[in-house]
Amino acid sequence: MRNLKIKFFVCGESIAAENPKLVKKANKMYDRRDDDDEGKRIMSGLLHSLSGTPGHYVFNPSYWMLKTFYLTYGKYNDYITWLGCEHDSIWTVKDILLNIENEKPNVLCFGLYTWNVTIYLNLIKHVREKYPHIIIIGGGPSVREKWVLKALDFAIYGEGEEGFTHLLDVLIEDDELNFTEITNLIYKKDNQLITNTYKIFKYKDYPELPSPYLSNKLEIKETINNYKRTSKSVIPPGIGWELNRGCPYKCSFCDWSSGLHNKVIMRKHDWKKELDFILELGCNIINNDANFGMIKEDLKVIDYILDKARSLVISPFTTFPMQQMSWSKLNKSIVYETIDKILNEHPSFGVKVSVQDTNYEVLEAIDRPDVPWEEHKQYLLDIKSKYPFTMFTVELMVGLPKQTLESWIEMLCDFDESFKPQWLVSSYWQLLPQSPAYKKEYQEKNNMISTNLREMKYNIELKLDKHNTIDLYKSKSQIWSAYTFLSEDKPDSFRHNLLKIAIGEIFNIRFFDPKYSKMTYRELYSKIEKNLTRFVDSQYELMLLNKEAGWMYPNVIYKGTMCNFKNFFHRPDIINKLVENTI
């Protein structure tokens, strides 16, 4: 038998957490807006709708869930010391190694997601060099990628509660023979990866399991207070919360439930007390359900939060304290009835419209369930007519099969000429290993091709000169987001996809320019099409020149600087330069 001292690392999705300088920049942006300023209204809507907004940090609750399950159903509580969780990634490797030296953990656990996996693998490399005896356990959606598994001793895939608890018991017992009996475990034996049987976690099998929030009140409170004391952000943090797990659909691009099942599993805890606790901490509730509005209980949750919000304001930017809902794909009447109810009391509430594309052939190719677009659009128009200042954010995906440059432009013009969204989130199709599109059969059927991208993180601008070259920056892993982009294999496909991204960002930035904000997007695009295409073509040629070891770098190099491709088109003078051909 041996004792375990366990330290967790679960960095939430927040750019500001990785670059604290952005917090100061974001605060200035928020502070200088008057109540009537269009910019403040847009920012309020974005905070309600999107993750990763600068200055808005979200705490992932997985550590509290795993710890609570072990304390309830594990065999050896007396053999474990819980050293807490580092939720942020602002710490340098040197800081963390010093922390490890002081706390002396012998088990490190990492929650691995697309936004933090490169950061954590770099950290694990340094831990291995200095503390080779420490056991490394990984979990999360990115954990089944082969290049990730190489860095780990053990991986828990899918839902983690049961497998993680059993693994800790076996490690305490120091009996390697029992690894074969642990569900949802990947481990190494004779330099080979062994993947054990998968089992769906069901709350009904564990009726004594208490709430992970209410069971860890003191620790959570201390965590939030530490963040507020050190972050300096004017935006309150959020805490992830779910009423259910899983998604019944099989969208080709998605790895919800790590692609292992399509069941929806209900939690059975006192959600009212959980929400009360999160609000008492002065935090926003970040909804993690895949299809909010799909079940009747969701409406009760909204009614309860509306009632609480009448006497409690968490932030002037987000008066309705539940954010980032992923709305039900099919139950649109219930969804928009709920949105109507929220907007009636909170007109600054931002409405997220996740469509990926509106073309029927595209949606059919990605197995995306949704009502016909004309029907969906009517719901949006009804909301717009009743609440004319509603902030709509539309989520779109670039690179989908059957999607063309022409259909993309027409879709954006249709948006502008109907319900007039203020913000588009145009994202590259990131190929996720557990998604249906990862399968060779899907890619061959839809003529897809994958491209490895290293994209500069948002809001970073680097100087280029004889001392600071692109090759020098390529070695600095902390400034890059690395992933695989999936798109249809057609002539000029990558160039056209870059142009789609640029077109989407111009759609957004025009609202901040009085000269162009009242112009229809169709009219504006006709003025900039030629020069925008020329500029994107020139940047594409530079990307080809800088391609290295199979990696494309989709960034803009302009006047001695390099920045994120999307971020470049947020410059206040960009539309003028495109119209006047001075770019």
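Our subject is the structure listed above.
Let me begin by describing the structure that accompanies this report.

Each value, and the rule that gives it
- Every chain is numbered on its own, with residues counted from 1 as its sequence reads.
- With the structure being a predicted model, the display of local features is reserved for residues of pLDDT at least 70 and the display and counting of side-chain atom pairs for 80 or more, all residues being used for whole-chain, interface and lining totals.
- Values shown for side chains rest on all heavy atoms present in the structure; no hydrogens or waters enter the calculation.
- Where helices and strands are cited, they refer to DSSP runs of H or I of at least four residues and of E of at least two residues respectively, numbered from the N terminus.
- Exposed residues in this analysis have more than 50% of their type's maximum accessible area, buried residues have under 20%, and partly exposed residues fall in between, with area computed by a 1.4 Å probe over protein chains only.
- We call two residues in contact when some of their heavy atoms are within 4.5 Å.
- Charge assignment in this entry is limited to Lys and Arg as positive and Asp and Glu as negative, and neither His nor the chain termini are counted.
- Charge placement uses NZ in Lys and CZ in Arg. For Asp and Glu, CG and CD serve respectively.
- Any Phe, Tyr or Trp ring, taking Trp's six-membered ring, that has another such ring centre within 6.5 Å forms a pair; planes under 30 degrees apart are called stacked, those over 60 apart edge-to-face, and the others tilted.
- Any Lys NZ or Arg CZ that is within 6 Å of a ring centre and within 35 degrees of that ring's normal is treated as a charge sitting over the ring.
- Between any two strands, at least two bridges found by DSSP are needed for them to pair.
- To get an axis, a line is fitted to the C-alpha atoms, and for a helix only the part in contact is used. The angle between two axes follows their N-to-C directions and goes from 0 to 180 degrees.
- In what follows, roughly perpendicular refers to angles from 65 to 115 degrees, roughly parallel to angles under 35, roughly antiparallel to angles over 145, and oblique to any angle outside these ranges.
- Crossing handedness is read from the near helix: turned anticlockwise from the far helix by less than a right angle, it gives a left-handed crossing, and turned clockwise, a right-handed one.

1. Remarks on the overall build of the protein chain
The helix and strand inventory of the protein chain stands at 21 helices and 22 strands. With the principal axes as the frame, the protein chain shows a C-alpha extent of 75 × 60 × 50 Å. For the protein chain, buried positions account for 58% of its 583 residues. Here the contacts in the protein chain between residues at least 6 apart in sequence split such that 76% fall between residues at least 24 apart. Between the mean site of the 76 positive side-chain charges and the mean site of the 77 negative ones, the protein chain shows a separation of 3 Å.

2. A closer look at the packing of aromatic side chains
For any pair of aromatic rings, the description rests on two quantities: the centre-to-centre distance and the angle between the ring planes. Taken as a whole and judged by the stated rule, the model has 43 aromatic pairs. Pairing Phe 201 with Tyr 203 gives two aromatic rings, centres 5.0 Å apart and planes at 80°, and the pair type is edge-to-face. Classification of Phe 201 by relative accessible area gives buried; the value is 2%. Three or more aromatic residues link up through ring pairs in this structure, and these residues are Phe 69, Tyr 73, Phe 201, Tyr 203 and Tyr 206. Its guanidinium or amino end placed over the ring of Tyr 553, Lys 474 lies 4.9 Å from that ring's centre, counting from NZ or CZ. The ring of Phe 507 is capped by Arg 510, whose NZ or CZ atom sits 4.5 Å from the centre of that ring.

3. Comments concerning the sheet that holds strand E13 (residues 322-323)
Taken in spatial order, the 4 strands of this open sheet run E2-E9-E12-E13, and their pairing is parallel. Only two strands of the sheet have a single neighbouring strand rather than two, namely strand E2 (58-59) and E13. Inspection of the sheet shows E2 paired to strand E9 (residues 238-241) by 2 bridges, in the parallel sense. What sits directly across from Phe 59, in E9, is Ile 239. Most of the contacts of helix H10 (residues 271-280) go to E9, to which it runs at about 165°, and overall it touches E9 and strand E12 (284-287).

4. Notes on the packing of helix H4 (residues 62-73) against helix H8 (residues 161-173)
Packing of H4 against H8 leaves a shortest axis separation of 9 Å and a crossing angle of 60°. Viewed along their axes, H4 and H8 adopt a mutual orientation that is oblique. As for the relative orientation of H4 and H8, their crossing is right-handed in sense. Facing Met 65, Leu 66, Phe 69, Tyr 70 and Tyr 73 of H4, the residues of H8 in contact are Glu 161, Glu 162, Phe 164, Thr 165, Leu 168, Asp 169 and Ile 172.

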